[in-house]
Amino acid sequence: MNILSLENIVKRVKEIPALPDVVLKVMQLTEDPDSTPHDIESVVLKDQGITTRVLRLANSAYYGYPRRISTISEATILLGFQTIRSITLSAAVNKVLMREIPGYGMKKGSLWRHSQAVAIIARHISRQNRMKDTEEVYVAGLLHDIGKVIMGHYIEKAYSEVLDMVIDSNMTFLDAEEKVLGFNHAQVGAKVAEKWNLPESLVEAIAYHHIPQEANIAPKMTCIVHISDAIAMMMGIGLGVDGMAYSISDYAMKTLRFDSNSQIDKIMSSVSDMLTDEAIFS
Ligand SMILES: [Fe+2]
Ligand SMILES: [Fe+2]
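Read on for an overview of the structure. Just so we're clear, the structure is a prediction, and the values are computed from it rather than from any experiment. (Residues numbered from 1 in each chain as written. Chains lettered and ligands numbered in written order. Predicted model: local features only at pLDDT ≥ 70, side-chain atom pairs only at ≥ 80, totals over all residues. Heavy atoms only, no water.)

A separate point is the pattern of salt bridges. Summed over the entire model, instances satisfying the criterion amount to five salt bridges. Ionic pairing is found between Glu-31 and Arg-85, a salt bridge with its closest N-O pair at 3.1 Å. One end of the pair, Glu-31, is in helix H2 (residues 21–31); the other, Arg-85, is in helix H6 (residues 81–98), with 54 residues separating them in the sequence. Glu-31 gets classed as exposed once you look at its relative accessible area, which sits at 53%. Between Glu-135 and Arg-123 there is a salt bridge, and its shortest N-O distance comes to 2.7 Å. Taken together, the residues Glu-135 in helix H8 (residues 134–143) and Arg-123 in helix H7 (residues 110–128) connect sequence positions 12 residues apart. Side by side, Glu-135 and Arg-123 carry an identical accessibility label, which is buried. (Salt bridge = Lys/Arg side-chain N within 4 Å of Asp/Glu carboxyl O. Helix = DSSP H or I, 4+ residues; strand = E, 2+ residues; numbered from the N terminus. Buried < 20%, exposed > 50% of the residue type's maximum accessible area, 1.4 Å probe, protein only.)

Okay, here's the thing in structure tokens:
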């Protein structure tokens, strides 16, 4: 029996806070070539929490600037409009992703850690693939599991049923989620992205991050998120109970022209340095 109705989901999605005005405004400004770093700074400064976090991320070893970046306009000049936009979004969703997600066995901070790692790995792969909008791929990686914030509550209640199904029927955790609850976290995550009015390509990458072969608006980005998720799991970053029985899609491997596991090993070693700085996880 499905214990989760569409109505319940819609209600829960409504409870997820809206994106702050600062983020919406930064999104508009970074689309407009006439905007200046000062315009962006004056908007970001309206939110003290976001300002602090943007500066912390901009100063993390990941971006590798030898000098301390002390203002938002400096960060905008050095990192560029697209990056400042994804950092601002990242700073704004930090609180939601930081939560403890009990049903998936994720302690406070682990979903945030996993999401940041997947985002950074995804950006790395998209740069290697010379994709146009590498920052959109970063955001897709960051938000791919946002549905878990809602599902965690229900999974906790139905945990033994879901787990039995994984063990007895040799199902993936995702399929068991859907079978027992009527929805899986990817479908629910896509609803959150819709609520935030994010572009369709992002909604799709979230919806199909476990079944990338279903994507048709942004198949490459969806495949990158899928493989990056697998890589983060292999590296043990933010491993929840659903990390078991994760299967990598052959379709995604083919789409990205990954013909062997050695390419995955190579990515793991190049990203491991990027993922050592605690500033991106705190
Ligand atoms: Fe997922
Ligand atoms: Fe994930």
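Next comes the rest of the description.
This brings us to the coordination of the iron ion (ligand 1). Within the first shell, the iron ion (ligand 1) binds the protein through Asp-145 (OD), His-185 (NE2), His-209 (NE2) and His-210 (NE2), at distances of 2.1 to 2.2 Å. Expressed as a motif, the donor residue spacing for the iron ion (ligand 1) is D-x39-H-x23-H-H. A distance of 3.8 Å spans the gap from the iron ion (ligand 1) to the iron ion (ligand 2), which Asp-145 bridges by coordinating each metal. His-210 shares its class with His-209; the two are buried. (Donors = N, O, S within 2.8 Å, 3.2 Å for Na, K, Ca; no water.)

Taken as a whole and assessed by the stated rule, the structure comprises one cavity of 30 Å³ or more. Taken as a whole, the largest cavity holds about 40 Å³ of empty space. Residue lining of the largest cavity: Leu-57, Tyr-62, Tyr-63, Ile-87, Gln-116, Ile-120, Arg-123, Tyr-138 and Ile-280, and that is the complete set. If one sorts the elements of the lining of the largest cavity by residue count, H7 sits on top with three residues. (1 Å grid on protein atoms, 1.4 Å probe; cavity = no way out; pocket = protein on both sides within 12 Å on 5 of 7 lines; lining within 4 Å. Points joined across faces, edges and corners; volume = space filled by probe spheres on them.)

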